Amino acid sequence: MDFLVDKVKDRIYAIAFWDTEWKSYNNCYLVLEEDGVIMIDSCKAEHSKYLLQAIHRLGKTADDVKLVLATHGHEDHVEGAEMFKNAKKIIHPKEGEEIGEFDDELSDQGVVGEFDYMLAGYHSPGSVIYYHRPSGILFTGDVLCFFGDPLSKEGLVSEGKELRQAWVDYLKSGGVSSSDLPGFLEALKILLHFQSEIMCTGHGGVLVGEVNEFVEELVSEAGNQLNLEAK
Ligand SMILES: [Zn+2]
Ligand SMILES: [Zn+2]
């Protein structure tokens, strides 16, 4: 089992598991605080023993995890949460009631501790964007991610130029279906509400720098695609 643990910024770490079944990196993130650990997403059940190893590598235990924020309810983002018996676990109510152990008290916009959040409602009905104010890190879940893509040559946490370009090209070539485009465009605009320095997604590379410029490029290209269709 291959997995990477990389520092994103002071106290904040990315863990990326290579999922041989889905042929993608699946990511989750840790914020180390003095009184415990916050996790953003928690990987598949089959990866949870490796998640535990990663947490130990950072000098923490499963019992130190005090809060789990799920960007959405897909298995690769919530199943590992079962290990964290001391944690409060939060998900948006639109992800449905089948997600056990999670509190679904979120509204469509608000604050959890040092995080601002907004409902994006794209990719899944209750997909939420989290923004960690002290670090300027945006957690996008699968609303915008690099599912199935290789990492940047510069590593997991990097500028990721080629990843950005690949997303723009994918959009240009009609990769987002016409039925998904309006929702995708609205979700991208939600990402622009935040002054993000770093973008941590549900799958693959973590992008450092000029996040909003990248999102604006996608907004513009998504707009082009919609116009093409209207003709
Ligand atoms: Zn998903
Ligand atoms: Zn996912």
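Note: the structure precedes this text.
Residues numbered from 1 in each chain as written. Chains lettered and ligands numbered in written order. Predicted model: local features only at pLDDT ≥ 70, side-chain atom pairs only at ≥ 80, totals over all residues. Heavy atoms only, no water.

Undergrad: Talk me through the coordination of the zinc ion (ligand 2); I want residue IDs and the actual numbers.
TA: Bound to the zinc ion (ligand 2) on the protein side are Asp76 (OD), His77 (NE2), Asp142 (OD) and His203 (NE2), at distances that span 2.0 to 2.1 Å. If you look at the zinc ion (ligand 2), its 4 donor atoms make angles of 90 to 163° with each other, and the shape they trace is irregular. Positions of the donor residues of the zinc ion (ligand 2) along the chain correspond to the pattern D-H-x64-D-x60-H. Here the zinc ion (ligand 2) and the zinc ion (ligand 1) are spaced 3.4 Å apart, linked through aspartate 142, which binds each one. Here aspartate 76, found in helix α2 (residues 75-78), pairs with histidine 203, found in the loop between β12 (198-201) and β13 (206-208); they are 127 residues apart in sequence, far enough to count as distant. Each member of the pair, aspartate 76 together with histidine 203, is buried. (Donors = N, O, S within 2.8 Å, 3.2 Å for Na, K, Ca; no water. Tetrahedral: all angles 85-135°; square planar, octahedral: opposite > 155°, others 65-115°. Helix = DSSP H or I, 4+ residues; strand = E, 2+ residues; numbered from the N terminus. Buried < 20%, exposed > 50% of the residue type's maximum accessible area, 1.4 Å probe, protein only.)

Undergrad: Go over helix α3 (residues 161-172) with me, naming the residues and quoting the values.
TA: Over its 12 residues, α3 runs 17 Å from end to end, which matches the ideal 16 Å to within 8%, given 1.5 Å per residue. Where α3 is concerned, the buried positions are Leu163, Arg164, Trp167, Val168 and Leu171. Viewed end-on, α3 has its buried residues packed into an arc of 135°, placing them on one side of the element. Where α3 is buried, its residues meet α4 (181-191), β13 and α5 (211-230). Where α3 terminates, the next one or two residues include glycine 174, which has phi positive at roughly 80°. (Expected span 1.5 Å × (residues − 1). Arc of directions from axis to C-beta. Contact = heavy atoms within 4.5 Å.)

Undergrad: Now, about the packing of α3 against α5: what can you tell me, with residues and values included?
TA: At a closest axis distance of 9 Å, the pairing of α3 and α5 adopts a crossing angle of 10°. If you check the angle between α3 and α5, you find them roughly parallel. Facing Arg164, Trp167, Val168, Leu171 and Lys172 of α3, the residues of α5 in contact are Val211, Phe214, Glu217, Leu218, Glu221, Ala222 and Gln225. For the contact of α3 with α5, the per-class residue count stands at 7 nonpolar, 1 polar and 4 charged. (Axes fitted to C-alpha atoms, helices over the stretch in contact; angles between N-to-C directions. Parallel < 35°, antiparallel > 145°, perpendicular 65-115°, else oblique. Nonpolar A, V, L, I, M, F, W, Y, C, P; charged D, E, K, R; others polar.)

Undergrad: Any details on the coordination of the zinc ion (ligand 1)? Residues and values, ideally.
TA: Around the zinc ion (ligand 1), the protein supplies His72 (NE2), His74 (ND1), His123 (NE2) and Asp142 (OD) as donor atoms, at distances of 2.1 to 2.4 Å. Coordination at the zinc ion (ligand 1) comes from 4 donor atoms whose angles at the metal span 91 to 167°, giving a geometry best classed as irregular. Along the chain, the residues donating to the zinc ion (ligand 1) are arranged with the sequence spacing H-x1-H-x48-H-x18-D. Residue histidine 123 is classed as partly exposed on the basis of its relative accessible area, which comes to 38%. For aspartate 142, a relative accessible area of 9% translates into the label buried.

Undergrad: Tell me about the pattern of salt bridges, and please be specific about residues and values.
TA: The full count for this structure, using the stated rule, is 13 salt bridges. A salt bridge links glutamate 162 to lysine 153, with the nearest nitrogen and oxygen atoms 4.0 Å apart. Judged by relative accessible area, which is 78%, lysine 153 ranks as exposed. Here the salt bridges do not stand alone but share partners, grouping Arg11, Glu33, Asp35 and Lys66 into one network. (Salt bridge = Lys/Arg side-chain N within 4 Å of Asp/Glu carboxyl O.)

Undergrad: Kindly report on the sheet that holds strand β10 (residues 137-141), identifying the contributing residues and their values.
TA: Spatial ordering of the open sheet is given by β7-β8-β9-β10-β12-β13-β11, a layout of 7 strands whose pairing is mixed. Edge strands, defined here as strands with exactly one partner in the open sheet, are β7 (109-112) and β11 (157-158). As paired strands, strand β8 (residues 115-119) and strand β9 (residues 128-132) are joined by 5 bridges and run antiparallel to one another. Bridging across to β9, phenylalanine 115 finds its partner in histidine 132. (Pairing = 2+ DSSP bridges.)

Undergrad: So, the sheet that holds strand β2 (residues 12-19): which residues are in play, and what are the values?
TA: Backbone-to-backbone hydrogen bonds pair the strands of a sheet. The strands run either parallel or antiparallel. The strand order β1-β2-β3-β4-β5-β6 describes an open sheet built from 6 strands, whose pairing is mixed. At either margin of the open sheet sits one strand with a lone partner, and together these are β1 (3-9) and β6 (88-90). Averaged over all pairs of adjacent strands, the angle between their axes in this sheet comes to 20°, without regard to strand direction. Across 4 bridges, the pairing between strand β4 (residues 36-40) and strand β5 (residues 65-69) is parallel. Opposite valine 37, over in β5, you have valine 65 as the bridge partner. Against the sheet, helix α1 (residues 48-57) touches β1, β2, β3 (24-33) and β4, its axis set at about 45° to β1.

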